[in-house]
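Residue strings, one per chain:
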Amino acid sequence: MAIERTLSIIKPDATKRNLTGKINAKFEEAGLRIVAQKRIKLTMEQAGKFYEVHKERPFYGELCEFMASEPVVVQVLEGEGAIAKNREVMGATNPADAADGTIRKEFALSVGENSVHGSDAPETAAQEISFFFSGLELVG
Ligand code: RTP
Ligand code: MG
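Just so it is clear, the structure is predicted and the values come from calculations on it, not from any experiment.

Cut-offs used in this document
- Residues numbered from 1 in each chain as written.
- Chains lettered and ligands numbered in written order.
- Predicted model: local features only at pLDDT ≥ 70, side-chain atom pairs only at ≥ 80, totals over all residues.
- Heavy atoms only, no water.
- Helix = DSSP H or I, 4+ residues; strand = E, 2+ residues; numbered from the N terminus.
- Rg over C-alpha atoms; globule rule 2.2 N^0.38 Å.
- Buried < 20%, exposed > 50% of the residue type's maximum accessible area, 1.4 Å probe, protein only.
- Contact = heavy atoms within 4.5 Å.
- Areas by Shrake-Rupley, 256 points an atom, 1.4 Å probe, with all protein chains shown as cover.
- Lys, Arg positive; Asp, Glu negative; His and termini not counted.
- Charge placed at Lys NZ, Arg CZ, Asp CG, Glu CD.
- Core = buried A, V, L, I, M, F, W, Y, C linked by side-chain atoms within 4.5 Å.
- 1 Å grid on protein atoms, 1.4 Å probe; cavity = no way out; pocket = protein on both sides within 12 Å on 5 of 7 lines; lining within 4 Å.
- Points joined across faces, edges and corners; volume = space filled by probe spheres on them.
- Nonpolar A, V, L, I, M, F, W, Y, C, P; charged D, E, K, R; others polar.
- Polar contact = N/O pair within 3.5 Å; in protein donor to acceptor, adjacent residues only side chain to side chain.

Participant: Could you clarify how one ought to interpret the overall build of the protein chain in this entry?
Facilitator: Scanning the protein chain from N- to C-terminus turns up seven helices and four strands. Secondary structure elements of the protein chain, listed N to C terminal, follow the sequence β-α-α-β-α-α-β-α-α-β-α. For 140 residues, the compact-globule estimate of 2.2 N^0.38 gives 14 Å, and the protein chain sits close to it at 14 Å. In the protein chain, buried positions account for 46% of the 140 residues. Considering only intrachain contacts with a sequence separation of at least 6, the fraction spanning at least 24 residues in the protein chain is 77%. If you sum the accessible surface of the protein chain, you get close to 7500 Å²; carbon and sulfur atoms cover 50% of it. Averaging the positions of the 17 positive and the 21 negative side-chain charges in the protein chain gives two centres separated by 4 Å.

Participant: Which parts of the structure should I look at to understand the environment of Arg39?
Facilitator: Here Arg39 shows up in strand E2 (residues 33-40). Taking the relative accessible area as the measure of exposure, Arg39 reaches 60% and is therefore exposed. Separated by 34 residues in the primary sequence, Arg39 and Val73 place their C-alpha atoms 4.3 Å from one another. Here Arg39 is in contact with Pro71, Val72 and Val73, once residues within four sequence places are set aside.

Participant: Whenever I open this one, the nonpolar core confuses me. Can you help?
Facilitator: As a rule of thumb, soluble globular proteins bury nonpolar side chains together. Judged by nonpolar contacts, the single largest core of 19 residues is most densely connected at Leu7, Ile9, Met67, Phe132 and Phe133. Elements with a minimum of two residues in this core: strand E1 (3-10), E2, helix H3 (44-50), helix H4 (60-67), strand E3 (72-80) and helix H7 (122-132). When residues of this core are assigned to their parent elements, the largest contribution, five residues, is made by H4. Apart from residues no more than four positions distant in its own chain, Phe132 is found in contact with Leu7, Ile9, Lys38, Ile40, Leu42, Phe50, Val74 and Glu137.

Participant: How do you make sense of the layout of surface pockets when you look at a structure like this?
Facilitator: If you roll a probe as big as a water molecule over the atoms, it shows you where there is empty space left. The computed volume of the largest pocket comes to approximately 750 Å³. Lining the largest pocket are 27 residues, and of these Tyr51, His54, Phe59, Leu63 and His117 sit closest to its centre. Where the lining of the largest pocket is concerned, the elements lending two or more residues are H3, H4, strand E4 (116-118) and H7. The element best represented in the lining of the largest pocket is H7, accounting for four residues. Classifying every residue of the lining of the largest pocket gives nine nonpolar, eight polar and 10 charged.

Participant: Help me understand unusual backbone geometry, please; the structure alone is not making it clear to me.
Facilitator: Excluding glycine, a negative phi dihedral is what most residues carry, and trans is how most peptide bonds are arranged. Residues other than glycine seldom take positive phi values, yet Asn18 does so here, at roughly 60 degrees. With respect to the element layout, Asn18 can be found in the loop between helix H1 (12-16) and helix H2 (20-29). The backbone phi angle of Ser115 is positive, close to 70 degrees, even though this residue is not glycine.

Participant: I would appreciate a short explanation of the side chain of Asn24 in the present structure.
Facilitator: Looking at where Asn24 falls in the secondary structure, it is placed in helix H2. Overall, the relative accessible area of 10% leaves Asn24 in the buried class. There is a polar contact of 3.1 Å between the side chain of Asn24 and the side chain of Gln75. With residues near it in sequence (within four places) discarded, Asn24 still touches Ile10, Ile34, Gln37 and Gln75.

Below is the structure:
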């Protein structure tokens, strides 16, 4: 399995409850390396652009408001099969369906306030990493 990079976001519900360290520990325990990380507050416009793929979905407005409501931690995770591995560590979108030991099972509050985002494919990972990070911020 190839070494990949994926974009992760620790969402407002988690930063607000001071869970950044506990969530990062889950990534590191799974063998994912945090190779870039910063804490930022998204504007509604930035949140809207990031989640543009969901523009037609009924939850889009609510999702953008939530993502812009408090700071988020954006990060690049690296490792073997990092995209799928991160999705596994995150757990299902709805915490009610998430497996034991996953981040969403342990920390998420609801299907909307679900603590983390992770890229879902190599193309979206590359696109989402460059949305937040410049080449200079990414060291090997
Ligand atoms: P993400 O993109 O944040 O990693 O989550 P995901 O792939 O597991 O889920 P996705 O279908 O891409 O949905 C993106 C985010 O929108 C919110 N959502 N709310 N109220 C709802 O029914 C609903 N459905 C999705 C969640 O915050 C979800 O992570
Ligand atoms: Mg998604």
